[in-house]
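Listed below, chain by chain, are the residues.
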Amino acid sequence: MPQIYKFLTALLAFTGCISLVITGEMNPFMMITGIGLFPGYYRFLKGMEPAPKWAVSSFSFLTLIVFFFDSFVISNDSFLGVAHLTITFQVIKSFDLKEPWDHLQVYFMALLQLIVASELTNSIAFGIIFLLFLVAFVSAMVLSHFVKEGTTETVRFSTPVFAISLLALFFTFLFFVSLPRVSGQIWGKSHIKSIRTVGFSERVDFGSFGDIKADPTVIMRVELSDAVERPYYWRGMTLNYFDRTSWANTLEKDRIYKDGELFVIRSFRREDAIGQKIYLEPMDNDVLFGMSDIVAIESAGYSMITDSARSLFLPYKKGKRFNYLAYSTSDANSVTENNMQRYLQLPPGMEGISRLAKDINDLGDSTDQKARKIEQYLMRNYSYSLSVPQPPEGMSPIDDFLFNTRKGYCEHYATAMVLMLRISGIPARIVTGFFGGETNDYGQYIIVRQSNAHSWVEADIDGIWKRFDPTPPVSEGVTSGISLFLDMIRMKWGRYIVAFSLFDQREIARFISFPFQIPSMPEMKSLRGMVLVIVFALPAGLILVWVIMKSLRWTRYGLVTGYYLRVRDLVRKRGGKITSFSTPAEVKSEAAKTGMRGRVSEFINIYEEHRFGGKSMTEEARANYKELFREINH
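Fair warning: this is a prediction, and the values are worked out from it, not measured in the lab. (Residues numbered from 1 in each chain as written. Predicted model: local features only at pLDDT ≥ 70, side-chain atom pairs only at ≥ 80, totals over all residues. Heavy atoms only, no water.)

Focus on the overall build of the protein
Inclusion rule: Each helix is a run of H or I in the DSSP string that is no shorter than four residues. Each strand is a run of E no shorter than two, and both are numbered from the N terminus. Note on classification: 1.4 Å probe, protein chains only; a residue is buried when its accessible area is under 20% of the maximum for its type, exposed when over 50%, partly exposed between these limits. Reported accessibility uses the Shrake-Rupley method at a 1.4 Å probe radius. Residues are deemed covered only where the shown protein chains occlude them.
Secondary structure assignment for the protein yields 18 helices and 20 strands. Residues classed as buried in the protein amount to 49% of the 634 residues present. Split by element, the accessible area of the protein, about 31,800 Å² in all, is 60% carbon and sulfur.

Dropping the structure here:
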């Protein structure tokens, strides 16, 4: 067995296992067995004897027991249990490689490992490993044909390996672009970990923002259609009810459906709107973000939910890497709600805050003046800090902030302002979202991180919801150039590979079909989508197999068999009764019957001599063999 064939088997085994390791989801204890790959393949490459059959059988049985224990106790997840099982399988197999079929087991187990890993990670490193696997897998499969025929010493297999690798990459790209996108996960649920966020649930505990304000994790990336002056406020969710320890959203909700390709929240002119292409990382909420006031959303999904404050929720995107296009206008956000009393609700025990609000404002002030004075008072008299101690027993966090510590973060400032506005008779509410973001000049987009999480105030000023932000400004850190460049690569990977969607397929189809009109591509639910995938993928897969086998036909058996097969086809085309099971003697006989010119009999005799007689072919014999073929083919 050629050493290169052994090396490719080892490479594929390691590639499959590494693809699981880089996901970061494997249990380190359950991966300990993976160390056995090193001695296993060292023995294999050195040509040592395989492990005894009893040892392999014993470890295989033990592995099965551990798999069930892992799936239901240790990992408590059968999917991760399968991932751990494949690593142990590869280790056992490294000590038990005897027949060609054993190598194929390693190859397809490595393929299974990559499929499992694709459900656990979307990183660029996984993409690189996938490409390495693809080339190594094609090389191993081509080489296996030559090993099977015993022609590895006489055939150059670098050319077919290179050609088929290119074909495989091309068809992989073609499948990736053309296969229908399906809703839902392959295994029924996503195993990609969502980013834990705060402030975007029906109930938000007071003080929860402090835990994530120091987290640099990227939440989303935004491309703007037009230049927009800072500051950027990425509006998320509205909270209206406060009980001294938490905020809640008790607003009425309604479901809206697509109008063409858009979810229209209110009518607008597209030329007047600011477009925002937003690329979300997987998050644990279903909130859609955008600049205020969002008037339309273009995204996947059939319906979305909105509340009376125009917060937007799309359950379809929860836990997914998701991109959409938001349209916003700078038009005044008019108050359209009937029940404004909900924005004047106050919890008990507001006496101290009530006295403070009255001290800040004068009797003759307008609503706008009152709001501005409260905003400025908080900005000037309190300091920003993420290190906020627990309030004394019996004191609420907001009282502790206003009258004791006099330091806090956005949640403290926004809550204090809303309460003082409500005490002053001005309807007000909390808005949670993100503030600011770092411009990445490499990709011309804005990076929004967990540390940009923010809450601010919207108040009813003369029939218009007006934004106020009493939190003192805080300088953002500067990210190095290399970090921004790497983020740009990650963004492109996530945008064009991981989040490649039905909308991208539509754009490609429109570009290719221009100037012709093509029907819209339908969105699919899981079951119907899977049927369509099978309908499209089966013919495409057959085409790929046909192309690969066609390209291998003349090379997989070497020069001697390849030219013989060509001669056999010539006899068939000239009228000979030839099948794939015809013997060389039958080919000779049929060639004579068709009256073929050339020394067919002599050519076939040379073929039999070298193919079955074990005789090696010299360069001179090769040249003579090719000359005979040209004479027959003439």
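Brief notes about the sheet that holds strand β11 (residues 303–307)
Definition in use: When DSSP finds at least two bridges between two strands, those strands are taken to pair.
What the three strands build is an open sheet, ordered β6-β11-β12; its pairing is antiparallel. In this open sheet, the two edge strands, each paired with only one partner strand, are β6 (253–257) and β12 (312–313). Here β6 runs beside β11; their pairing, made up of five bridges, is antiparallel. Bridging across to β11, Arg-255 finds its partner in Ile-305.

Details of the pattern of salt bridges
Spelled out, the test is: Any Lys or Arg side-chain nitrogen located within 4 Å of an Asp or Glu carboxyl oxygen qualifies as a salt bridge.
Taken as a whole and assessed by the stated rule, the structure comprises 28 salt bridges. Arg-269 serves as the salt-bridge partner of Asp-272, at 2.8 Å between the closest nitrogen and oxygen. Of the residues examined, Asp-272 reaches a relative accessible area of 44% and is grouped as partly exposed. Close ionic contact of Arg-490 with Asp-487 constitutes a salt bridge, the shortest N to O distance being 3.9 Å.

Some points on empty space enclosed by the protein
Quick note on the threshold: Cavity: a set of points on a 1 Å grid over the protein atoms alone where a 1.4 Å probe fits but cannot get out. Pocket: an open set with protein on both sides within 12 Å along at least five of seven lines, its lining residues, like those of a cavity, having an atom within 4 Å of a point. Grid points are joined across faces, edges and corners, and a volume is the space filled by probe spheres set on the points. Three residue categories are used. Nonpolar comprises Ala, Val, Leu, Ile, Met, Phe, Trp, Tyr, Cys and Pro, charged comprises Asp, Glu, Lys and Arg, and polar comprises the others, including Gly.
As enumerated under the stated definition, the model contains two cavities of 30 Å³ or more in all. Approximately 60 Å³ is the volume attributed to the largest cavity. Forming the walls of the largest cavity are Arg-235, Gly-236, Leu-288, Asp-293, Ile-294, Arg-310, Ser-311 and Leu-312. Here the residues of the lining of the largest cavity are counted per class, giving three nonpolar, two polar and three charged.

Quick notes on the sheet that holds strand β10 (residues 294–298)
Ordered in space as β7-β10-β13-β8-β2-β18-β17, the seven strands form an open sheet in which the pairing is antiparallel. The strands lining the two open edges of the sheet, one partner per strand, are β7 (263–264) and β17 (438–440). When β17 meets strand β18 (residues 445–449), the two strands line up antiparallel, connected through three bridges. Within β18, the residue paired with Asn-440 across the bridge is Tyr-445.

Some remarks on a nonpolar patch on the surface
Filter applied, for reference: A patch is a set of surface residues, each over 30% in relative accessible area and not in a salt bridge, joined within 9 Å for like charges and within 5 Å for the nonpolar side chains Val, Leu, Ile, Met, Phe, Trp and Tyr.
A cluster of nonpolar side chains, contributed by Phe-29, Ile-32, Ile-35, Phe-38, Leu-64, Phe-68, Phe-69, Phe-72, Val-73 and Ile-74, occupies part of the molecular surface with about 1,100 Å² of accessible area. Top element by residues in the nonpolar patch is helix α3 (residues 53–74). It accounts for six residues. Within the secondary structure, Phe-38 is located in helix α2 (residues 37–45). Overall, Phe-38 belongs to the exposed group, its relative accessible area being 54%.

Things to note about the packing of aromatic side chains
Let me state the cut-off plainly: Think of it this way: a Phe, Tyr or Trp ring, Trp meaning its six-membered ring, pairs with another when their centres are within 6.5 Å, and the plane angle makes it stacked under 30 degrees, edge-to-face over 60, tilted otherwise.
The tally for this structure, following the rule as stated, stands at 25 aromatic pairs. Between Tyr-233 and Phe-435 the ring centres are 4.8 Å apart and the planes differ by 55°, which places this aromatic pair in the tilted class. With Tyr-233 in strand β3 (residues 233–239) and Phe-435 in strand β16 (residues 428–435), this residue pair connects regions lying 202 residues apart in the sequence. Residue class for Tyr-233 comes out buried when judged on its relative accessible area of 10%. Relative to Tyr-607, the ring of Tyr-564 lies with its centre 3.9 Å away and its plane at 5°, an arrangement referred to as stacked.

Considering helix α1 (residues 3–21)
For clarity, the cut-off: One less than the residue count of a helix, multiplied by 1.5 Å, gives the span that helix is expected to have.
Between its first and last C-alpha, α1 extends 27 Å over 19 residues, near the 27 Å set by a 1.5 Å rise per residue. All of the buried residues in α1 are Tyr-5, Lys-6, Leu-8, Thr-9, Ala-10, Leu-12, Ala-13, Thr-15, Gly-16, Cys-17, Ser-19 and Leu-20.

Overview of unusual backbone geometry
Note that the residue after Arg-230, namely Pro-231, is joined by a cis bond; omega there is 5°. With respect to the helices, strands and loops of the structure, Pro-231 is situated in the loop between β2 (218–224) and β3. Each neighbour pair has its own omega, and for Ser-292 with Asp-293 the value is 10°, a cis peptide bond. Here Asp-293 shows up in the loop between β9 (290–291) and β10. At Arg-244, a residue that is not glycine, the phi angle is positive and equals roughly 85°. By secondary structure assignment, the location of Arg-244 is in the loop between β4 (241–242) and β5 (246–248).

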